[in-house]
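Listed below are the residues making up each chain.
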Amino acid sequence: MRVFLAFLFTMKKSFPSVVSRAFARLTLVASLALSAQLPARAQAPLQAQLAPVLVTATRFDEPAAALPFGVSVLTRSELERSGVVSVNEAIMKLLGVAGRADYYGGGDYGLDLRGFGTTAASNQVVIVDGIKLDEADLGGTRLAGIAIDSVERIEIIRGNGSVLYGGGASGGVILISTRSGIDRARQNAARTYVAAGSYGLREARAGASLAAGDVTLEVSGNQRQSDNYRDNFKSTSDGGRLQAQWQTDSMRVGASHAVDSLETGLPGALSAMQYQSNPALASTPAASATINNQRNSVFAMAKLGVWQLGIDAGWRSKNLDSLSAGVSTYQYAIDASTLGVRGKNQSLLGQAHNALTLGYDQADWKRTVPGTWGSQSQQKSHASYLQDDLTFVSGTRLTGGYRSENISQDDSASALHDANHQSMWELGLTQPLSDSVAVFAQLGNSYRLANVDELGFTAPGALLQPQTSRDAQIGGRWHAAATSAELRYYRNALHNELGYDPTLANANSWSGLGANTNFDPTLRQGVELEARQAVGKTLALRLNLARREARFTQGVHDGMDVPLVARSTLAVRADWRPLPAHSLNAGVVWVGEQFVDYSNLCRVPAYASADLRYAYQLRQLELSFGVSNLLDAKYYTQAFECAAGVSNGIYPEAGRAFTAALRLSF
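About the cut-offs
- Residues numbered from 1 in each chain as written.
- Predicted model: local features only at pLDDT ≥ 70, side-chain atom pairs only at ≥ 80, totals over all residues.
- Heavy atoms only, no water.
- Helix = DSSP H or I, 4+ residues; strand = E, 2+ residues; numbered from the N terminus.
- Rg over C-alpha atoms; globule rule 2.2 N^0.38 Å.
- Buried < 20%, exposed > 50% of the residue type's maximum accessible area, 1.4 Å probe, protein only.
- Areas by Shrake-Rupley, 256 points an atom, 1.4 Å probe, with all protein chains shown as cover.
- Phe/Tyr/Trp six-rings, centres within 6.5 Å; stacked < 30°, edge-to-face > 60°.
- Pairing = 2+ DSSP bridges.
- Contact = heavy atoms within 4.5 Å.
- Axes fitted to C-alpha atoms, helices over the stretch in contact; angles between N-to-C directions.
- Salt bridge = Lys/Arg side-chain N within 4 Å of Asp/Glu carboxyl O.
- Polar contact = N/O pair within 3.5 Å; in protein donor to acceptor, adjacent residues only side chain to side chain.
- pLDDT = per-residue confidence, 0-100.
- Core = buried A, V, L, I, M, F, W, Y, C linked by side-chain atoms within 4.5 Å.
- 1 Å grid on protein atoms, 1.4 Å probe; cavity = no way out; pocket = protein on both sides within 12 Å on 5 of 7 lines; lining within 4 Å.
- Points joined across faces, edges and corners; volume = space filled by probe spheres on them.
- Nonpolar A, V, L, I, M, F, W, Y, C, P; charged D, E, K, R; others polar.

Enquirer: Is there a simple way to explain the overall build of the protein chain in this structure?
Expert: A tally of helices and strands in the protein chain yields 7 helices and 37 strands. Against the compact-globule benchmark of 26 Å for 666 residues, the protein chain has a radius of gyration of 24 Å, which places it among compact chains. Taking all 666 residues of the protein chain together, 53% fall into the buried category. For the protein chain, the exposed area adds up to about 27,800 Å²; of that, 61% sits on carbon and sulfur atoms.

Enquirer: In this structure, what is going on with helix H4 (residues 87–95)? I would like to understand it.
Expert: Along an α-helix, a turn takes 3.6 residues, which lines up residues three or four apart on a common side. Burial analysis of H4 places 8 of its 9 residues in the buried class, the great majority of the element. Looking at the residues trailing H4, positive phi occurs at Gly-96, about 70°.

Enquirer: How should unusual backbone geometry be read in this particular structure?
Expert: Negative phi values dominate among residues other than glycine, just as trans dominates among peptide bonds. The phi torsion at Arg-59 lies on the positive side, around 75°, for a residue other than glycine. As for its position among the elements, Arg-59 is in the loop between strand E1 (54–55) and strand E2 (62–63). Arg-59 gets classed as buried once you look at its relative accessible area, which sits at 14%. In this structure, Asn-629 takes a positive phi of about 45° despite not being glycine. Tracing the backbone through its elements, the reader meets Asn-629 in the loop between strand E34 (621–628) and strand E35 (636–643). The buried category is assigned to Asn-629, whose relative accessible area is 4%.

Enquirer: Honestly, the packing of aromatic side chains in this entry has me stumped. Any pointers?
Expert: Two measures describe an aromatic ring pair: the distance that separates the ring centres and the angle between the ring planes. The full count for this structure, using the stated rule, is 12 aromatic pairs. Ring geometry for Phe-552 against Tyr-598: centres 5.8 Å apart, planes inclined by 50°, an arrangement best described as tilted. Of this pair, Phe-552 sits in strand E28 (residues 539–552) while Tyr-598 is found in the loop between strand E31 (594–595) and strand E32 (603–604), placing the two residues 46 residues apart along the sequence. The exposure classification of Phe-552 matches that of Tyr-598, with both residues buried. Their ring planes at 25° and their centres at 5.9 Å tell us that Phe-625 and Phe-658 sit as a pair that is stacked. With a gap of 33 residues between them, Phe-625 in strand E34 and Phe-658 in strand E37 (residues 657–665) connect regions that are remote in the sequence.

Enquirer: Help me understand the sheet that holds strand E9 (residues 172–178) in this model?
Expert: By definition, the strands of a sheet pair up through backbone hydrogen bonds, in either a parallel or an antiparallel sense. Spatial ordering of the open sheet is given by E3-E8-E9-E6-E7, a layout of 5 strands whose pairing is mixed. Of all strands in the sheet, those bounded by a partner on one side alone are strand E3 (70–75) and strand E7 (131–132). In this structure, strand E6 (residues 125–128) lies alongside E7, joined through 2 bridges in antiparallel fashion. Across the sheet, Ile-127 pairs through a bridge with Lys-132, a residue of E7. Where H4 meets the sheet, its contacts fall on E3, strand E8 (151–158) and E9, and the angle it forms with E8 comes to roughly 60°.

Enquirer: Whenever I open this one, the pattern of salt bridges confuses me. Can you help?
Expert: In a structure, side chains of opposite charge can pair up when their charged atoms sit close to one another. Under the criterion given, the structure shown has 39 salt bridges. Here Arg-114 makes a salt bridge to Glu-528, at a shortest N to O gap of 2.9 Å. Note that Arg-114 is positioned in the loop between strand E5 (109–112) and E6 and Glu-528 in strand E27 (residues 522–535), a separation of 414 residues in sequence. Neither residue differs from the other here; Arg-114 and Glu-528 are each classed as buried. Among the ionic pairs, Glu-203 bridges to Arg-205, the shortest N-O distance being 3.0 Å. For Glu-203, a relative accessible area of 10% gives the class buried. When salt bridges with common partners are traced through the structure, they connect Glu-78, Arg-114, Arg-477, Glu-486, Arg-488, Glu-528, Glu-530, Arg-532 and Arg-542 into a single cluster.

Enquirer: Help me out: how do you make sense of the side chain of Lys-93 in this one?
Expert: Topologically, Lys-93 is positioned in helix H4. The residues contacting Lys-93, other than those within four sequence positions of it, are Val-84, Ala-571, Arg-573, Val-589, Asp-611 and Ser-628.

Enquirer: Would you mind going over the pairing of strand E22 (residues 437–448) with me for this structure?
Expert: Regular strands place their side chains on alternate faces of the sheet. Of the strand pairs in this sheet, strand E21 (residues 416–432) and E22 are connected by 7 bridges, and their pairing is antiparallel. Looking at E22, one finds that Thr-430 is bridged to Phe-440. Between E21 and E22, which follow one another and run antiparallel, lie 4 residues. Judged from the 12 bridges that link them, E22 and strand E23 (residues 467–479) form a sheet pairing that is antiparallel. Directly across from Val-437, in E23, lies its bridge partner Trp-478.

Enquirer: Can you help me understand the environment of Asp-471 in this one?
Expert: With respect to the element layout, Asp-471 can be found in strand E23. By relative accessible area, which is 7% here, Asp-471 ends up buried. Put simply, Asp-471 and Arg-524 are 53 residues apart on the chain and 9.3 Å apart in space, counted from C-alpha to C-alpha. Discounting chain neighbours no more than four positions away, the residues touching Asp-471 are Asn-160, Gln-442, Leu-443, Gly-444, Asn-445, Ser-446, Arg-491 and Asn-492. Within the structure, Asp-471 has its side chain in polar contact with the side chain of Asn-160 (distance 3.2 Å). Polar side-chain contacts of Asp-471 include one of 2.7 Å to the side chain of Asn-492.

Enquirer: Got a minute to help me understand the confidence of the model for the protein chain in this structure?
Expert: Caution applies to low-pLDDT parts of the model: their predicted coordinates are not meant to be read in detail. Looking at the protein chain, the pLDDT average stands at 90 and 92% of residues meet or exceed 70. Between the elements of the protein chain, mean pLDDT differs from a low of 39, seen in helix H1 (residues 2–10), to a high of 98, seen in strand E30 (residues 582–591). A low-confidence stretch, residues 1–16 (pLDDT under 50), is modelled with 25 contacts involving residues beyond four sequence positions or located in other chains. Low confidence marks residues 34–43, where pLDDT is under 50. Its contacts with residues over four positions away, or in another chain, come to 27 contacts.

Enquirer: Looking at this structure, how should I read the nonpolar core?
Expert: Nonpolar side chains in soluble globular proteins tend to end up buried together. By size, the foremost hydrophobic cluster in this structure holds 24 residues, and its most contacted members are Leu-79, Val-87, Ile-91, Ile-154, Ile-174 and Ile-176. Residue assignment for this core shows that the elements contributing at least two residues are H4, E6, E8 and E9. For this core, the leading source of residues is H4, giving 6 residues. Excluding its chain neighbours within four sequence positions, the residues that come into contact with Ile-174 are Ile-91, Leu-111, Leu-113, Gln-124, Val-125, Val-126, Ile-127, Glu-155 and Ile-156. Leu-67, Phe-69, Val-73 and Ile-157 belong to the second-largest nonpolar core, a separate cluster that totals 16 residues.

Enquirer: Whenever I open this one, empty space enclosed by the protein confuses me. Can you help?
Expert: Empty pockets left among the atoms are what a rolling probe the size of a water molecule brings to light. Under the criterion given, the structure shown has 9 cavities of 30 Å³ or more. Each pocket or cavity is described by its volume, and for the second largest cavity that value is around 230 Å³. Taken together, 23 residues line the second largest cavity, and the ones lying closest to its centre are Val-128, Arg-241, Ser-256, Ala-258 and Arg-295. Elements with a minimum of two residues in the lining of the second largest cavity: strand E12 (215–226), strand E13 (235–247), strand E14 (251–265), strand E15 (287–304) and strand E16 (307–324). Looking at the lining of the second largest cavity residue by residue, the classes come out as 8 nonpolar, 11 polar and 4 charged.

Shown next, in the form of structure tokens:
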């Protein structure tokens, strides 16, 4: 207990970036040292049957099969067997979610759950161990900074999650639970991982859990270096995490400190001619960037009779510095804090089971841009919400929820001071048709406000209005012993959608064109199929298929597709154990073509990428060999310019790459 209290005290201190990097390396060394002292533990085999899935999508644990919306789940064993190296890669390869290369590299990708294109990051929420990580600018959330070995489970809420998670959740919610964020029995354990591969890849990860009575200490560290597949794209990333908790049958209290850093070259975008002649070329050979993140949190959960209570508080910072030839060209510092308090009461109403969830969320986000043209921006919010679930003896479940949220925004660059109030509601129904089949439906609304970057670049006199959406989805589930399938249809009707229109007249722009604006009405709709099949104890299959439409329904772009939204995506995954100790994990991801511009004249061509990983288990040691982009396809996921019907502003993807790795689990 003294260790836990001392940790709570030390995490209040602020770590400069140099100390953060030292902490990351120190935790890696400490994890390696602890790993050598713990007893061995064997790897779990595949299961012949698909077990029921518990999720935290409603901010408390409950079965996914009862929810009136879709939830996709990735477990730690699936992540390890696939060989993915980041949260982004896992969601893209295993669930078929379209992703676009991030400008800052380092393995980061922008994810697009339901067809929002360039504004996808602003229309979906990211939660890590109960803490909301979304930014109030266009910087995005660096998911690649979350060490993949620390992740226990990834959940994707398919569709509107605004009542429980607030603004910007029209497209869905990404929930990441680390090993220390899961409520489960603790034991001594450790793991180490080293890898080397193409493009100068060198990687090391380590982690350990130490349990002493009711107290557990968890530490992990990681380091990754790569020359990468383009000139001026060499990157180095470090990360570390320390977490302590005290757990009894009725209470769990803990705190954590995590850091991650990235140093990377910025090769820039290519023209179509450059891409065809040499995709490895750097258009900006002297550009580079550093990103440093710190995340601190405390949490507590308790069971008091018919109540479950929880509190999560987080403090984080992000520092970014973009440079050209070693001279800073753009930098900022972000400091943010969040507080969430929630309670769930379970009782009987006659013969029906009633679950009432009440909660309060508070957030404070501040960005400081130094220099002559610097600025300070701040966004504060506080919200109250309730959700009630009534489940009858027949299994019919009715859900109703409401959220009231107040948001204030201040920006010195645009002299903005604005206060806004938004309310959200939802209704849901889950109806079992048999022991293995159920249907569900959800109706609701969602919103998002213009972020500080959007507010800072508009046409003269323009005042950006809140984006609103009416959301609906229906679906059906089928679950048998070794098979599960879910089919969903969704529809989002948006008004005043926020985004950047390069065709809009703007006297504030040096070219006279381009501004952030409220678009005329737009529509998102689509069908999603998710299926899993276990074939005996040796083969597991997974399928994710989506067909979507994202288009303008009125105004100057009426009938046009929203740029950078793939109409179709497909991901197929197989995990095969042909012999004891031998395993093969393979997958194919196909992403349909996307338009680059609002006139739909330029395209990002459809592409397919396959990967394969072989692993041999020798007691506690796993040796693996993996190949990504197996067929060496030449493709790109990001392009943002259109000239005379030709796509430009291209960010190429890597060709075929090999990785050899050793994993030791104790």
